[in-house]
Amino acid sequence: MNYKLIDLPVFEDERGALVPLESMAEVPFEIKRVYFMYNIPTSAERGFHAHKNLQQVVVCLRGACKFILDDGFDKQEITLDRPNFGLYIGNNVWREMKDFSENCIVLVLASDHYFEDDYIRDYNTFRATLNKS
Ligand code: T46
């Protein structure tokens, strides 16, 4: 499946912790967009789509949440529960997010600008796309 877990470097001393994220280093693409989610109800479920081309790295900056990744054949459940842990998600991976803790903050670094045309928001269409490739 087109994903990987990235242990991010932490520079920690008596002043606290710092985690750098650089294009083509910890993040394996040029970062063109950054967005974050907060005020997420613990019962929320987000995602339910795949991307045709977009690559992303997700970091849970505070709290915890779960990502369910699905390449149309296998599913993986990944818990993001520390701010020095990155989840790279490539294209053609269906993602769902759930089990958000209280006050969870999720940061996402993306390889491209926002294009609604890059989203596949219907699971059957996603499966059909895979059969063609
Ligand atoms: C993803 C997961 C992890 C924008 O206008 N610009 C943006 O850059 C983004 C990401 C969203 N939006 C608008 C589109 C919707 O009206 O924000 C609204 C909420 O977006 P969405 O329902 O797609 O949010 P999620 O949490 O389901 O999915 C998001 C990303 O869209 C998606 O690429 O992989 O987070």
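All values derive from a computational prediction rather than experimental measurement. (Residues numbered from 1 in each chain as written. Predicted model: local features only at pLDDT ≥ 70, side-chain atom pairs only at ≥ 80, totals over all residues. Heavy atoms only, no water.)

On to the overall build of the chain. Across its full length, the chain holds 1 helix and 12 strands. Each helix (α) and strand (β) of the chain, taken in turn from the N terminus, gives the series β-β-β-β-β-β-β-β-β-β-β-β-α. By the compact-globule yardstick of 14 Å for 133 residues, the chain fits well, its C-alpha radius of gyration being 15 Å. If you line up the chain on its principal axes, its C-alpha atoms span 55 × 35 × 25 Å. Across the 133 residues that make up the chain, the buried fraction comes to 38%. At a minimum sequence separation of 6, the contacts of the chain that also span at least 24 residues come to 77%. Carbon together with sulfur atoms contributes 47% to the accessible area of the chain, which is approximately 7700 Å² in total. If you average the places of the 15 positive and of the 21 negative side-chain charges in the chain, the two averages end up 4 Å apart. (Helix = DSSP H or I, 4+ residues; strand = E, 2+ residues; numbered from the N terminus. Rg over C-alpha atoms; globule rule 2.2 N^0.38 Å. Buried < 20%, exposed > 50% of the residue type's maximum accessible area, 1.4 Å probe, protein only. Contact = heavy atoms within 4.5 Å. Areas by Shrake-Rupley, 256 points an atom, 1.4 Å probe, with all protein chains shown as cover. Lys, Arg positive; Asp, Glu negative; His and termini not counted. Charge placed at Lys NZ, Arg CZ, Asp CG, Glu CD.)

Here the focus is the site of the ligand. Residues in contact with the ligand amount to 13 residues; listed here are only the nearest, Arg33, Arg46, His51, Gln56 and Tyr119. Contacts to the ligand include Gly47, whose backbone N or O atom sits 2.8 Å from an oxygen atom. In the environment of the ligand, an oxygen atom lies 2.6 Å from a nitrogen or oxygen atom belonging to the side chain of His51. Here the ligand, which alone exposes 640 Å², has 67% of that area covered by the protein. (Near = heavy atom within 4 Å. Polar contact = N/O pair within 3.5 Å; in protein donor to acceptor, adjacent residues only side chain to side chain.)

Assignment of secondary structure puts His49 in strand E5 (residues 46-51). Under the relative-accessibility criterion, His49 is labelled buried at 10%. Engagement of the side chain of His49 in a polar contact is seen with the backbone oxygen of Gly47, the distance being 3.1 Å. Those residues in contact with His49 that lie beyond four places of it in its chain are Val93, Trp94, Arg95, Tyr119, Ile120 and Arg121.

As a further point, take the sheet that holds strand E12 (residues 119-120). Taken in spatial order, the 5 strands line up as E8-E7-E10-E5-E12 in an open sheet, and their pairing is antiparallel. Strands at the two margins of the open sheet, each flanked by one partner only, are strand E8 (75-80) and E12. When E5 meets strand E10 (residues 94-98), the two strands line up antiparallel, connected through 3 bridges. Bridged to His49 within E10 is Arg95. (Pairing = 2+ DSSP bridges.)

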